[in-house]
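# Observations on the model geometry
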Amino acid sequence: MTDQTATNQLPDRLSTDPRSPHYDAEILSRDIGIRFKGVEKNNVEEYCVSEGWIRVAAGNARDRHGNPLTIKLTGTVEPYFRTGS
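Described below are features of the structure shown in this document. (Residues numbered from 1 in each chain as written. Predicted model: local features only at pLDDT ≥ 70, side-chain atom pairs only at ≥ 80, totals over all residues. Heavy atoms only, no water.)

Next up on the list: unusual backbone geometry. Its identity as a non-glycine residue notwithstanding, Lys37 has a phi of 55°, on the positive side. Tracing the chain through its elements places Lys37 in the loop between β2 (32-36) and β3 (39-41). Under the relative-accessibility criterion, Lys37 is labelled exposed at 55%. (Helix = DSSP H or I, 4+ residues; strand = E, 2+ residues; numbered from the N terminus. Buried < 20%, exposed > 50% of the residue type's maximum accessible area, 1.4 Å probe, protein only.)

As structure tokens, then:
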């Protein structure tokens, strides 16, 4: 039961990149929503609640390794688990 309680809390910082130290496959396997400045965002690559920023892809631009280029936006970040009713 303590594992269930622990997984109901989203971390302060989370990334979708498996190479990142903030990547957590177990949490990402659940349906996570991000509200940024009160608007639902679907293209968030990484977020940090305490520092108040998100990273989103910059269009279709790629770096020399084929990874998407990202832009850091600052503001209020509200991550949550979506419920499938």
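Burial analysis of strand β4 (residues 44-48) places 4 of its 5 residues in the buried class, the great majority of the element. With 3 bridges connecting them, strand β1 (residues 13-15) and β4 associate as antiparallel partners. Along β4, the bridge assignment pairs Leu14 with Tyr47. The turn linking β4 back onto strand β5 (residues 53-62) is made up of 4 residues, and Gly52 within it adopts a positive phi angle of 70°. (Pairing = 2+ DSSP bridges.)

Structural measurements only, silent on function.
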